[in-house]
Amino acid sequence: DIQMTQSPSSLSASVGDRVTITCRASQSVSTYLNWYQHKPRKAPKLLIYAASNLQSGVPSRFSGSGSGTDFTLTINSLQPEDFATYFCQQSYTTALSFGGGTKVEIK
Amino acid sequence: EVQLVESGGGLVQPGGSLRLSCAASGFTLSSYEMNWVRQAPGKGLEWVSYISYSGSTIYYADSVKGRFTISRDNAENSLHLQMNSLRVEDTAVYYCVRDGMVIKSDYWGQGTLVTVSA
């Protein structure tokens, strides 16, 4: 099974800040890597697919990069509605696996 | 609008059974592969099971193999998860997840809570 390690597990940031979250796979997943935003009692929302592609309707302040084993989600100019938990997911294998999540809190 | 709505969660004793359902709307279920994913309280997400378009190909996580059964009713646009021999460690929010034609895991439901406790 492919293990996904995400960091940090939480962070505090202010509106307008730039935030970077990283995800590392235990083996190469090529670019089969998605990023999601998850708010309590809501369905997780796809932000970035195939490592660097912005899902339709997602603000351009969100961006993703990486390939192989190392990936990054960047949020430029954090907005109030961006305070949430973010997680990565590999779909290189049918047995999907996920990062542990990063909770982005208001400083 | 694509919507996935899970139901069937609740409180069950260890060794008991539950059947989860996922009602799909806004798209034709038969054109999509589907998954169940769960998240235990305070833990990360865990993939549970996969089913192909017609149901001919099915995979399970080792943790549920032999106890859970995934199925689909394309005519009713619904996905199911039959959970037997439930254990305390099966306590989690269970999500129904669609694999898009181009993008894997493109839509998720809001989840349904399963609590296994005496």
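**Q** Could you give an account of the interface of chain B and chain A, with specific residues and numbers?
**A** Facing 16 residues of chain B, the contacting portion of chain A comprises 17 residues. Where chain B abuts chain A, roughly 1500 Å² becomes buried across the two surfaces, and 67% of that area is made up of carbon and sulfur atoms. The tally of links between chain B and chain A comes to 0 salt bridges. Here chain B is connected to chain A by 4 residue pairs in polar contact (both at pLDDT 80 or more). Every element with two or more residues in the side of chain B that touches chain A is listed here: β4 (33-39) and β5 (45-51) of chain B. It is β5 of chain B that contributes the most residues to the side of chain B that touches chain A, 4 residues altogether. A class-by-class count of the residues in the side of chain B that touches chain A yields 8 nonpolar, 5 polar and 3 charged.

**Q** Explain the sheet that holds strand β7 (residues 62-67) of chain A residue by residue, including any values.
**A** Residues and elements named next belong to chain A. Read across the sheet, 4 strands follow the order β1-β3-β8-β7 without closing on themselves; strand pairing throughout is antiparallel. Looking along the sheet, the strands with just one partner apiece sit at the ends: β1 (4-7) and β7. Pairwise comparison of adjacent strand axes, ignoring direction, gives a mean angle of 15 degrees for this sheet. When β7 meets strand β8 (residues 70-75), the two strands line up antiparallel, connected through 6 bridges. Paired with Gly-64 across the bridge in β8 is Leu-73.

**Q** How would you sum up the sheet that holds strand β8 (residues 78-83) of chain B? Please name residues and give values.
**A** All names here are of chain B. Overall, antiparallel pairing links the 4 strands, which are arranged β1-β3-β8-β7 in an open sheet. Looking along the sheet, the strands with just one partner apiece sit at the ends: β1 (3-7) and β7 (68-73). Across this sheet, the average inter-strand angle for adjacent strands is 15 degrees, counted without regard to direction. Sheet analysis places strand β3 (residues 18-25) next to β8, joined by 6 bridges and oriented antiparallel. Pairing of Ser-21 across the sheet is with His-80, part of β8.

**Q** So what's going on with the environment of Ser-17 of chain B? Which residues, and what values?
**A** Residues and elements named next belong to chain B. Along the chain, Ser-17 turns up in the loop between β2 (10-12) and β3. The partly exposed category is assigned to Ser-17, whose relative accessible area is 41%. Contacts of Ser-17, omitting those with residues within four sequence positions, involve Val-12, Gln-82, Met-83, Asn-84, Ser-85 and Leu-86. Among the polar contacts listed, one links the side chain of Ser-17 to the side chain of Asn-84, at a separation of 2.9 Å.

**Q** Tell me what's going on with the nonpolar core, and back it up with residues and numbers.
**A** Counting 41 residues, the largest nonpolar core has Trp-36, Leu-81, Met-83, Tyr-94 and Trp-108 of chain B as the members making the most contacts within it. Sequence-distant contacts of Leu-81 of chain B, defined by excluding residues within four places in its chain, comprise Leu-18, Arg-19, Leu-20, Trp-36, Val-48, Phe-68, Thr-69, Ile-70 and Tyr-94 of chain B. One finds Met-4, Leu-11, Ile-21 and Leu-78 of chain A within the second-largest nonpolar core, a separate group that totals 25 residues.

Cut-offs and rules
- Residues numbered from 1 in each chain as written.
- Chains lettered and ligands numbered in written order.
- Predicted model: local features only at pLDDT ≥ 70, side-chain atom pairs only at ≥ 80, totals over all residues.
- Heavy atoms only, no water.
- Contact = heavy atoms within 4.5 Å.
- Buried area = accessible area lost by both parts, 1.4 Å probe.
- Salt bridge = Lys/Arg side-chain N within 4 Å of Asp/Glu carboxyl O.
- Polar contact = N/O pair within 3.5 Å; in protein donor to acceptor, adjacent residues only side chain to side chain.
- Helix = DSSP H or I, 4+ residues; strand = E, 2+ residues; numbered from the N terminus.
- Nonpolar A, V, L, I, M, F, W, Y, C, P; charged D, E, K, R; others polar.
- Pairing = 2+ DSSP bridges.
- Axes fitted to C-alpha atoms, helices over the stretch in contact; angles between N-to-C directions.
- Buried < 20%, exposed > 50% of the residue type's maximum accessible area, 1.4 Å probe, protein only.
- Core = buried A, V, L, I, M, F, W, Y, C linked by side-chain atoms within 4.5 Å.

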